[in-house]
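Next come the chains, spelled out residue by residue.
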Amino acid sequence: MKRLIILLASVSLISGNGQAQDIVLPTGMSALTSKDIQVTSVNIEGRTNASKPIVATSNNQLFFTAQNDASGEELWVSGLTPETTRMVKDINPEAEGSNPKWLTVIGEKVYFVATTPDAGEELWVSNGTAEGTYMVKDIYPGTAASSPFGLTALGDKLSFYAMDEESEALPVIDPTKPEKWLWVSDGTAAGTTRIAETPTSRETGFPGMEGHLTPCGNKVFFIGYDHVNNESLWITDGTREGTKMLKNVNPKRSSGPTFETEAGVIGWMTNVNDKWMVFRAETVQEITGTEDVGSEIWVSDGTEEGTKWIGVDFGKGKVNGVPRPCDLTTTKAYGDTLYFRGSDGIHGVEPCVFILSQPVVDGVNPRMFFDINHWNNDPSRPSWALHFMPFKGDLYVRANGGYFLPHSATPTQELGSGNSLWRGPVATLDTMLYAAQIWDNFEIFSGNNSDNACYFTIVNNKLFFQAQDAADNRELWMIDDPAVPPVKVVDLPGDGIPCQLRGINNDLYFVSEGVKMLFKYDLTGGTGIINPKTGNSNITVYPNPASDYITISGSEQSVAKLQAFDIGGKIVAESYSENRLEVANLASGLYLLKVIWEDRTQSTAKFLVK
């Protein structure tokens, strides 16, 4: 099959000063920042380590960090057009800027951490205007820094960790090392208070994608410490009274002087459908009733009795006399289904699945669903699968494995994929195929080379991702029709490194770390600005959760079409010229609703079917 190429008209990008740059963009793609502005968002996935994300508020303001020669690095905002893209405020009128980071959205505001000479590194909030951008509270008074981290939405409030005089002077874990304890804020100084005297585990290198504080339902889970229980699972509802340890996950007596019991060694906390928190933890005889089984899978529903080891030793066996860990990492949840990579004791680290709404059965749920890397018939080789994404009936991942081409001249010769694009059917998960097997010998990066596909993001029923077809040439790729090979959307100068992919109003926004600019890819032919009368923030979907039907209200316009999409991006229900959509035939889970109004503007909302 010949390689498919996007046939699009190209335009030269014109910067804000009117001078053309050596960047050619496909039709529909434009830059929201000019070449004299360097966007500082970085090529990292996940809330834990991506300190410079781009985020969108409920009224579709896009916040990001950027720097120029005059102001240094500061907070920027875009109304989704070049004309509305600007620096919010010169918080630190020095050349080095205020180093804003940990941008976190709550409604129409973004919370972040910024540094000033007078207050040090403290908590700030912005509504996108200079007047509405201010330091929330000088938590550690004076020039000393409270250095907040772990910023996480908790309803209409913000939860986070920060240091004050007391947490610095009276640390729990190590008396020689200052700590940060749990705080909550409503955006005012009076409403910014410490709600617990417990630190978390390490601030950097934290094991997980969702962050130090992980929302689930109307609460936030986190790793906490006290002298009796050591490291255990905690929960908070945003109040001091509602902040507590759920369960001592490792009650084995400690041999050390600081704690009475051993640490839980908790990692990879993952919210599954706002019902369960899945995580891994050290699992000992005192819990199993028989023997230590090492780092294994746990689940919590937010109650002490519902916080438990799943009862199955997933990572079976021992290595040098030590229980084999389950290796639960790179988790991604869709509805009640959790995808992860793990080790079942027979195979290497391979793609696995755990359906929380179904009974736990040893070897069945959870399970390793396909041995991608069985090179030379060795099942113990790892594929290191990650970036799980369901799309139009298939599950896409990046993995490293061996494969065969049955119709080639040497059908029995095993070939290597490198860390590249694989996929398999979501319904059965009975196979996974490399790109060359799916699309008649097509490879993004030919030979045993890694295309490093990552950051899978569905926007306007298309799958976008970062991949490379040559060394140091990471660019934006797209899959529209799964029967057709992926296409490269744009080839930016040098190593483009598209990252921080975001869908807003059915258009794609992303940062190029290579050229340090923010781009918009118009997928709808519109301006990207939602009509205020029909924007996401003004429509209501009810009942939600629903069982028979949903109704739309909140606009003066008539509905032209309603469409419901499942988590794979497939249209599963639609109606025309009415504000009601039947959902009785849909399976339980989370869906995306697209509302097309009579003036052809669109709104989106999420709803649950119970």
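All of these numbers come straight from a predicted model, not from anything done at the bench.

A word on the overall build of the protein
And then number 1: Scanning the protein for helices and strands turns up three helices and 48 strands.
And then number 2: Relative to the 2.2 N^0.38 estimate, which gives 25 Å for 610 residues, the radius of gyration of the protein is 25 Å and therefore close to what a compact globule would have.
And then number 3: In terms of its C-alpha atoms, the protein occupies a principal-axis envelope of roughly 70 × 70 × 50 Å.
And then number 4: Counting contacts in the protein only where the partners sit at least 6 residues apart, residues at least 24 apart contribute 50% of the total.
And then number 5: Looking at the protein as shown, the accessible area adds up to about 25,000 Å², and 50% of this sits on carbon and sulfur atoms.
And then number 6: Mean positive and mean negative side-chain charge positions of the protein (48 and 74 charges, respectively) differ by 3 Å.

Things to note about unusual backbone geometry
And then number 1: The amide bond that connects Asn365 to the next residue, Pro366, takes the cis arrangement and shows omega of 0 degrees.
And then number 2: For the peptide bond that leads from Asn544 to Pro545, omega is 15 degrees, which places it in the cis range.
And then number 3: Residue position: Pro545 is located in the loop between β42 (540-542) and β43 (549-553).
And then number 4: One non-glycine residue, Asn99, adopts positive backbone phi at about 50 degrees.
And then number 5: Counting through the fold element by element, Asn99 comes out in the loop between β8 (86-87) and β9 (101-106).
And then number 6: For Asn99, a relative accessible area of 29% puts it in the partly exposed group.
And then number 7: We note that Ile497 has phi near 50 degrees; this positive angle belongs to a residue other than glycine.
And then number 8: Inspection of the secondary structure assignment puts Ile497 in the loop between β38 (487-490) and β39 (498-504).
And then number 9: Residue classification places Ile497 among the buried residues on the basis of a relative accessible area of 8%.

As for the confidence of the model for the protein
And then number 1: Model confidence for the protein is summarised by a mean pLDDT of 90, while 92% of its residues fall at 70 or above.
And then number 2: Confidence drops under pLDDT 50 across residues 1-21; counting only partners more than four residues distant or on other chains, this segment forms 45 contacts.
And then number 3: Throughout residues 526-537 the model reports pLDDT below 50, and contacts reaching past four residues in sequence, or to other chains, amount to 34 contacts.

Comments concerning the pairing of strand β7 (residues 72-78)
And then number 1: A large share of β7 lies buried, amounting to seven of its seven residues.
And then number 2: By the bridge criterion, seven bridges tie strand β6 (residues 62-68) to β7 in an arrangement that is antiparallel. When the sheet's bridge partners are listed, Ala66 is paired in β7 with Glu74.
And then number 3: The pairing of β7 with β8 spans two bridges and is classified as antiparallel. The residue bridging Val77 from the neighbouring strand is Arg86, located in β8.

Remarks on the packing of aromatic side chains
And then number 1: Throughout the structure, instances matching the rule amount to 19 aromatic pairs.
And then number 2: For the pair Tyr334 and Tyr339, a centre-to-centre distance of 6.2 Å together with 55 degrees between the ring planes defines the contact as tilted.
And then number 3: Residue classification places Tyr334 among the buried residues on the basis of a relative accessible area of 13%.
And then number 4: Of the aromatic side chains, those joined through ring pairs into one cluster are Phe149, Tyr161, Phe222 and Trp234.
And then number 5: Sitting over the face of the ring of Tyr549, Arg580 holds its NZ or CZ atom 3.7 Å from the ring centroid.

A word on the nonpolar core
And then number 1: Core analysis: the largest hydrophobic core is formed by 37 residues, its most contacted members being Phe279 and Ile297.
And then number 2: Of all the secondary structure elements, the ones that give two or more residues to this core are β18 (219-226), β19 (230-236), β21 (267-272), β22 (276-283), β23 (294-300), β28 (337-342) and β29 (350-355).
And then number 3: Among the elements that take part in this core, β22 stands out by supplying five residues, more than any other.
And then number 4: Ile297 has contacts with Val278, Phe279, Trp309, Ile310, Phe314, Cys326, Leu328, Phe340, Phe354 and Pro366, leaving out every residue within four places of it along the chain.
And then number 5: Listed in part, the 32 residues of the second largest apolar core include Leu429, Ala453, Leu463 and Phe465.

Structural notes on the sheet that holds strand β33 (residues 415-425)
Where strands meet in a sheet, backbone hydrogen bonds hold them as pairs that are either parallel or antiparallel.
And then number 1: Strand order in the open sheet formed by four strands is β31-β32-β33-β34, and the pairing between neighbours is antiparallel. Because the sheet does not close on itself, it has two edges, and the strands there are β31 (386-391) and β34 (433-434).

Details of the pattern of salt bridges
And then number 1: Throughout the structure, instances matching the rule amount to 17 salt bridges.
And then number 2: With its nearest N and O atoms 2.8 Å apart, the salt bridge here joins Lys488 to Asp469. Of this pair, Lys488 sits in strand β38 while Asp469 sits in the loop between β36 (462-468) and β37 (474-479), and the two are 19 residues apart along the sequence.
And then number 3: Salt-bridge contacts for Asp495 lead to Arg474; the nearest nitrogen and oxygen are separated by 2.8 Å. Residue Asp495 is located in the loop between β38 and β39, and its partner Arg474 is located in strand β37; the two are separated by 21 residues in the primary sequence.
And then number 4: Residue class for Asp495 comes out buried when judged on its relative accessible area of 17%.
And then number 5: What makes Arg474 partly exposed here is its relative accessible area of 23%.
And then number 6: By sharing partners, the salt bridges in this structure join Asp164, Glu166, Arg194, Glu197 and Arg240 into a single network.

Some thoughts on the environment of Val583
And then number 1: Along the chain, Val583 falls in the loop between β46 (580-582) and β47 (589-597).
And then number 2: A C-alpha to C-alpha distance of 6.6 Å links Val583 and Ser547, two positions 36 residues apart in sequence.

Looking at the sheet that holds strand β12 (residues 134-137)
And then number 1: Sheet architecture is open: four strands sit in the order β9-β10-β11-β12, paired in antiparallel fashion. Here the strands that pair on one side only, and so sit at the sheet edges, are β9 and β12. Averaged over neighbouring strand pairs, the angle between their axes works out to 40 degrees when direction is ignored.
And then number 2: Sheet topology places strand β10 (residues 109-116) next to strand β11 (residues 120-126); seven bridges connect them, and they run antiparallel. Directly across from Val113, in β11, lies its bridge partner Leu123.

Rules used throughout
Residues numbered from 1 in each chain as written. Predicted model: local features only at pLDDT ≥ 70, side-chain atom pairs only at ≥ 80, totals over all residues. Heavy atoms only, no water. Helix = DSSP H or I, 4+ residues; strand = E, 2+ residues; numbered from the N terminus. Rg over C-alpha atoms; globule rule 2.2 N^0.38 Å. Contact = heavy atoms within 4.5 Å. Areas by Shrake-Rupley, 256 points an atom, 1.4 Å probe, with all protein chains shown as cover. Lys, Arg positive; Asp, Glu negative; His and termini not counted. Charge placed at Lys NZ, Arg CZ, Asp CG, Glu CD. Buried < 20%, exposed > 50% of the residue type's maximum accessible area, 1.4 Å probe, protein only. pLDDT = per-residue confidence, 0-100. Pairing = 2+ DSSP bridges. Phe/Tyr/Trp six-rings, centres within 6.5 Å; stacked < 30°, edge-to-face > 60°. Lys NZ or Arg CZ within 6 Å of the ring centre and 35° of its normal. Core = buried A, V, L, I, M, F, W, Y, C linked by side-chain atoms within 4.5 Å. Salt bridge = Lys/Arg side-chain N within 4 Å of Asp/Glu carboxyl O. Axes fitted to C-alpha atoms, helices over the stretch in contact; angles between N-to-C directions.

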